[in-house]
Every structure is written in C-alpha cells, then in structure tokens.
Amino acid sequence: MNDLKYLAALTIPLSALISISLGGLWSFFTPVYAFGLIPFLEILLPQDTRNYDQATRNKRNINVLFDWLLYLNVPVVFGLLIYFLWSVSQGGYSIYEIIGLVLSLGIVLGTNGINVGHELGHRQESFERYLGKLLLLPSLYMHFYIEHNFGHHVHAATKEDPATARFNQTVYSFWLSSVSRQYIKAWKIQHRLLQSNNLTFFSVKNDMLWYLLIQFAYLSAVYSLFGITGLWFALGAAVVGFLLLETVNYIEHYGLLRKKLPSGRYERVREVHSWNSNHVMGRIILYELTRHSDHHYISSKKYQVLDCHEDSPQMPYGYPTSMVLSLIPPLWFSIMNPRIPGPMKSNFVSDLNQLSTKSAR
C-alpha cells in the first residue's frame, strides 16, 4: 500500500475536475490547491531523507506497478483535456472563470503531463518514450525531449545550458531566455544528429520537423472540434503548462555552476549541481522529481529508486513552495543566495564583473 502513495499525484487532475464542475470561484481551486494547500502541508509534514537498501531498490526497480502509475497519467491528462475543451466550447463561462480554468488545466499539463513525460522520456523502451512525447504534446513542448536528453543533461549547471538559471537572474527573465534558447538549441541538436547520420532536413528521422507537424495537427483538430474558443483555451493552457516546467527548471539549478577544468571541459555533473528536496508532499506529487541531484547523477534511474545525497545542496522548502517563492524575486534571492556554495557564487559574480567591464569599454 505504501507504493500506492504516488496516486496522490492524481489529486492535481482531480482538483481540476472540481474546478470545472463547480465553476465560479472554484475555477481557481487547482492553483490554490497546488500552490497554497500543498506548500502548507509541506511545511507541516517532516522531511524524509531515507534511502532504500540494495535489495529493496532491486525489487522496486522491476516492480511494474510504478510504471503503470505513470502510464495512468496518459488517459487522465487527455481525458481531462477533452472534457475541458468541450465544456469551454459550449460557452456560459465568465472571463474570470476562463482564466481560472486555463490555470487549472495548465497546471495539470505541467505536472501530470510534462513532468511524467520527462520521466518516461528517460526510459529505454521505445513505447515509454513515445508515451512521454505524447504527454508533452498538449503543452506544445515536444522539443523538450531532444533538448533535455541531448542538451540539458550534458550541459546542466554551465553557462551553455539554457535551463540553468544564473545567479541573481529572476524567474521572469529566465522564462524568456530558457523558452527561446531551448527551442533554438533543440533545432541545433537535431541538425547535428542529422549531419552525423548523413541525413537531410526532410528526412523522416528529423524529429523536430515531426514535432512541428504533430503539434500543428493537434491544434487543427482542437479548432475543428471545439472552435476558436477551444483553440485559444488550449493555447493558454499550453503556455501555463510549459511556464510551470520552466519555473521548475529555474529552481532546480539556480545559481549552481560546474567548474571548468584546465582542458576547457567542465567537471562531471555531480550531486552538488542540483537543488534537492526531501519534503514529502513535493516528492510524491512530482514523482520524486525533487530528488533531482540523484537524477542528474544517474539519469537512467527510475523515480522510485532515486536517492538522497548528503552533499547535495538542500532547499529549505519543497519544490511547490519554492516555485511560489521564486515568483517574488527579492524574497527568493534573500532565501537562496546565501545557500549557494561560495565557489559557484564567485564564478557567477566573476562572469558578471567581466561582462560589466566589457560593456564599460
């Protein structure tokens, strides 16, 4: 029964169902639940830093229950998406209700969609990777699969990584830089992969081109079935979904930087290059994404066996709470900047000074 705790992640889509069923101010129930009630519970509940022994880890690693808990998100996300689009296309909602429902559905697309898609995108089985890409579709973020697996996991905690937030960079600045740079970088990675295999742009192996076509087909289908109202609603929810992801990206590596070696290459990604959190609610709701240090250290590890490392930088709060704090930059900086290891902070400050000197010249 303890393994079924991850079913709690489905309380996010359940809250969205409540939002659209009751309407009115209840339209905002999902954002209140995700970023109000859950952070409150995180503060109340103790952290859990325990790791499993090797025997238990082996059993959990092959237990298909943990895989099916992820697969279950596919019908849940798409079923809820269709229900939302149908309901909104029928009319009768006020502007403030539409805003609340866009936020509610967008949060589902970010947590049960992109987050689960991220986990499945690291799997070895093609079937699971296809499901992962499918969950990225409603947020129009299918390129994330390429940039994350072939870019971010190589360049995390370096200046070359769009998904690593700089020291003293606000989350709003990060949204702009990360969204644009990741998309451009995904195309560059795709171009390099095609070149290495002597393939042209119009090759069937051009996944980025497929993603464009699939996402266009998705939006066309939404317009055909649910009209212009459904299309605008789907676009709004997609934006909320991928900005939720980018807010997570922001807090995961904020201010952390790998050391550059004399050879010009960076040191290997270690446990100290990601922010870790052992707050129970965030761990369960996000399928252990909060043990991000171990995920980067060994990216092939499944979520149910990720470890806590004592030398990983620890967040004072869980991921949901930290996401809320990041939206208030002065508060975020006052809490997190003192926690950034000295050498990493010095590297960022040195880079800023160099940029200032060049600008002055």
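In case you missed it, the structure is sitting above this.
No experiment lies behind these values; they were computed from the predicted model shown.

## Concerning the pattern of salt bridges
Thinking step 1. Per the stated rule, a full pass over the model turns up eleven salt bridges.
Thinking step 2. Glu 128 is paired through a salt bridge with Arg 123; the nearest N and O atoms lie 3.0 Å apart.
Thinking step 3. The partner of Glu 288 in a salt bridge is Arg 283, and the shortest N-O contact between them spans 2.8 Å. The pair Glu 288 / Arg 283 is uniform in exposure class, with both members buried.

## Topic: the side chain of Thr 111
Thinking step 1. Assignment of secondary structure puts Thr 111 in helix H6 (residues 95-121).
Thinking step 2. Classification of Thr 111 as buried rests on a relative accessible area of 9%.
Thinking step 3. Only 2.9 Å separates the side chain of Thr 111 from the side chain of Asn 112, close enough to count as a polar contact.
Thinking step 4. When sequence neighbours within four positions are dropped, the list of residues in contact with Thr 111 reads Ile 12, Val 116, Leu 244 and Leu 286.

## Notes on the layout of surface pockets
Using a probe with the size of a water molecule, rolled over the atoms, empty space left in the structure can be pinpointed.
Thinking step 1. Estimates place the volume of the largest pocket at around 640 Å³.
Thinking step 2. If you go around the largest pocket, you meet 28 residues; those closest to its centre are Arg 129, Lys 133, Tyr 145, Asp 207 and Tyr 211.
Thinking step 3. For the lining of the largest pocket, the secondary-structure elements that each account for two or more residues are helix H7 (126-136), helix H8 (144-155), helix H9 (171-196) and helix H10 (207-253).
Thinking step 4. Class assignment for the residues of the lining of the largest pocket results in 13 nonpolar, ten polar and five charged.
Thinking step 5. Quantified by volume, the second largest pocket comes out at close to 270 Å³.
Thinking step 6. Lining the second largest pocket are Pro 31, Phe 35, Leu 103, Ile 107, Trp 175, Val 240, Leu 243, Leu 244, Thr 247, Met 323, Val 324 and Leu 327.
Thinking step 7. Put simply, the parts of the chain that give the lining of the second largest pocket at least two residues each are helix H2 (29-44), H6, H10 and helix H13 (319-326).
Thinking step 8. It is H10 that provides the largest number of residues to the lining of the second largest pocket, a total of four residues.
Thinking step 9. Taken together, the residues that form the lining of the second largest pocket break down as eleven nonpolar, one polar and no charged.

So, how was this worked out
- Residues numbered from 1 in each chain as written.
- Predicted model: local features only at pLDDT ≥ 70, side-chain atom pairs only at ≥ 80, totals over all residues.
- Heavy atoms only, no water.
- Salt bridge = Lys/Arg side-chain N within 4 Å of Asp/Glu carboxyl O.
- Buried < 20%, exposed > 50% of the residue type's maximum accessible area, 1.4 Å probe, protein only.
- Helix = DSSP H or I, 4+ residues; strand = E, 2+ residues; numbered from the N terminus.
- Polar contact = N/O pair within 3.5 Å; in protein donor to acceptor, adjacent residues only side chain to side chain.
- Contact = heavy atoms within 4.5 Å.
- 1 Å grid on protein atoms, 1.4 Å probe; cavity = no way out; pocket = protein on both sides within 12 Å on 5 of 7 lines; lining within 4 Å.
- Points joined across faces, edges and corners; volume = space filled by probe spheres on them.
- Nonpolar A, V, L, I, M, F, W, Y, C, P; charged D, E, K, R; others polar.

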